[in-house]
Amino acid sequence: MDQGKEREFLERLAQAGEQASMWEIGQAMGLDRGDTEALATSLLAQEALQIVSLSGKVCLTQAGRALCGGPGGGDSLAGLIQDLRTAGGLGLTGAAAQDLLADLATLEAQLGRSQPLMPVVKACLAAIETALAKSRDPQAAGLVQRAGALRG
């Protein structure tokens, strides 16, 4: 499945609420049962959703909300990356500033993958939290909280 279909599925799931039927979401997207199952399996492997019942009820995980960023999805990974880039170095210098830029580049690369590697995403978010905790910029504290929330 392509990344666009995965994102659409996650966004529809976020709009549907706490628990929704993967079959109904797939049908609304024009997918047959086989394609819906393949899409859900891919998202399960990415830890973006979890199965709630054997009848096909699923819900978003924290990682799914981070990838989605749609209605009901809270903050998105892409939004955090953009805000970190806009904020500049946040008073970090030397190796800390360089590492922050490398971690941001890695997160952006993960968003470009057909299936982001959630362990890589979580490790980068943890590293960003650690780096920003050293900053004296007042904006850094809010960004640390957002990174922590996305990391789950």
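Quick caveat, the model's predicted, so the values are computed rather than measured.

## Side note on the overall build of the protein
Link 1 in the chain: Along the backbone of the protein there are 8 helices and 3 strands.
Link 2 in the chain: Counting from the amino terminus, the protein carries its helices and strands in the arrangement α-β-α-α-β-β-α-α-α-α-α.
Link 3 in the chain: Within the span of the protein, comprising 152 residues, buried residues form 41% of the whole.
Link 4 in the chain: At a minimum sequence separation of 6, the contacts of the protein that also span at least 24 residues come to 58%.
Link 5 in the chain: Just so you have it, the protein exposes about 7,700 Å², and 50% of that area is on carbon and sulfur atoms.
Link 6 in the chain: When the 13 positive and 17 negative side-chain charges of the protein are each reduced to one mean point, those points stand 4 Å apart.

## Some words on the environment of Ala131
Link 1 in the chain: Among the structural elements, Ala131 can be located in helix 7 (residues 118-133).
Link 2 in the chain: By relative accessible area, which is 10% here, Ala131 ends up buried.
Link 3 in the chain: For the pair Ala131 and Ala96, spaced 35 residues apart in the sequence, the C-alpha separation amounts to 6.2 Å.

## Thoughts on the nonpolar core
Link 1 in the chain: In terms of nonpolar packing, the biggest core is built from 42 residues, with Phe9, Leu84, Leu107, Leu125 and Leu132 touching the most fellow members.
Link 2 in the chain: Per-element tally for this core: the top contributor is helix 7, with 7 residues.
Link 3 in the chain: In this view, Leu84 contacts Leu90, Leu104, Ile128, Leu132 and Leu143; residues no more than four positions away in its chain are not counted.

## Observations regarding the environment of Leu143
Link 1 in the chain: Tracing the chain through its elements places Leu143 in helix 8 (residues 138-151).
Link 2 in the chain: For the pair Leu143 and Asp83, spaced 60 residues apart in sequence, the C-alpha separation works out to 8.2 Å.
Link 3 in the chain: Filtering out sequence-adjacent residues up to four positions away, Leu143 remains in contact with Leu80, Asp83, Leu84, Ala87, Leu90 and Leu132.

## Observations concerning the packing of aromatic side chains
Link 1 in the chain: Tallied over the entire structure, the rule returns 0 aromatic pairs.
Link 2 in the chain: It is Arg33 that lies over the ring of Trp23; its NZ or CZ is 3.8 Å from the centre.

## Quick word on the packing of helix 5 (residues 77-87) against helix 7
Link 1 in the chain: Two elements in contact, helix 5 and helix 7, have axes whose closest approach is 13 Å; the angle formed by their N-to-C orientations is 35 degrees. Remark: the crossing between helix 5 and helix 7 carries left-handed chirality. The segment helix 5 lies against helix 7, with Leu77, Leu80 and Leu84 engaging Val121, Leu125, Ile128 and Leu132.
Link 2 in the chain: When grouped by side-chain class, the residues that make up the contact of helix 5 with helix 7 number 7 nonpolar, no polar and no charged.

## Regarding the sheet that holds strand 1 (residues 20-21)
Link 1 in the chain: Pairing is antiparallel in the open sheet, where 3 strands are placed in the order 1-3-2. The open sheet has two edge strands, strand 1 and strand 2 (49-51), and neither has a second partner.
Link 2 in the chain: Across 2 bridges, the pairing between strand 1 and strand 3 (residues 57-60) is antiparallel. Across the sheet, Ala20 pairs through a bridge with Val58, a residue of strand 3.
Link 3 in the chain: The sheet contacts of helix 1 (residues 3-16) involve strand 1, strand 2 and strand 3, and relative to strand 3 the element is tilted by about 95 degrees.

## Here's the deal with the side chain of Gln110
Link 1 in the chain: Positionally, Gln110 belongs in helix 6 (residues 94-112).
Link 2 in the chain: Here the side chain of Gln110 touches Leu117 through a polar contact of 2.7 Å, landing on its backbone nitrogen.
Link 3 in the chain: Dropping the residues within four chain positions of it, Gln110 is found in contact with Pro116, Leu117, Val120 and Val121.

About the criteria used
Each chain carries its own residue numbering, running from 1 in the direction its sequence is written. Reporting of local features is limited, given that this is a predicted model, to residues whose pLDDT is at least 70; pairs of side-chain atoms are given and counted only at 80 or more, and all residues count toward the totals for whole chains, interfaces and linings. Here the side-chain values reflect all heavy atoms present in the structure, with hydrogen atoms and water set aside. We count a stretch as a helix when DSSP gives it H or I for four or more residues in a row; a strand needs E for two or more, and each element gets its number in order from the N terminus. Three exposure classes are used, based on accessible area relative to the maximum for each residue type with a 1.4 Å probe and protein chains only: buried under 20%, partly exposed in between, and exposed over 50%. Contacts are assigned to residue pairs that have any heavy atoms within 4.5 Å of one another. The Shrake-Rupley method, run with a 1.4 Å probe, gives the accessible areas here. Residue values count only the displayed protein chains as cover. Note that His is not counted, nor are the chain ends; the positive residues are Lys and Arg, and the negative ones are Asp and Glu. Here the site of a charge means atom NZ of a Lys, CZ of an Arg, CG of an Asp or CD of a Glu. Take the buried residues of types Ala, Val, Leu, Ile, Met, Phe, Trp, Tyr and Cys, join any two whose side-chain atoms come within 4.5 Å, and each joined set is a nonpolar core. Two aromatic rings, drawn from Phe, Tyr or Trp (for Trp, its six-membered ring), form a pair once their centres lie within 6.5 Å of each other, and the interplanar angle then sorts them: stacked below 30 degrees, edge-to-face above 60, tilted otherwise. Only Lys NZ and Arg CZ are tested; either one counts as a charge over a ring when it is within 6 Å of the ring centre and within 35 degrees of the ring normal. The angle between two axes is taken between their N-to-C directions and runs from 0 to 180 degrees, where each axis is a line fitted to C-alpha atoms and a helix contributes only its stretch in contact. We call a crossing left-handed when the near helix sits turned anticlockwise from the far one by less than a right angle, and right-handed when that turn is clockwise. In this count, Pro and Cys sit with the nonpolar residues alongside Ala, Val, Leu, Ile, Met, Phe, Trp and Tyr, while Asp, Glu, Lys and Arg are called charged and the others, Gly among them, polar. By this definition, two strands are paired if DSSP reports at least two bridges between them. For this analysis, a polar contact is any N or O atom pair within 3.5 Å, provided that within protein one partner can donate a hydrogen and the other can accept it, and provided that sequence-adjacent residues contribute only side-chain to side-chain pairs.

Distances and angles like these do not, on their own, reveal function.
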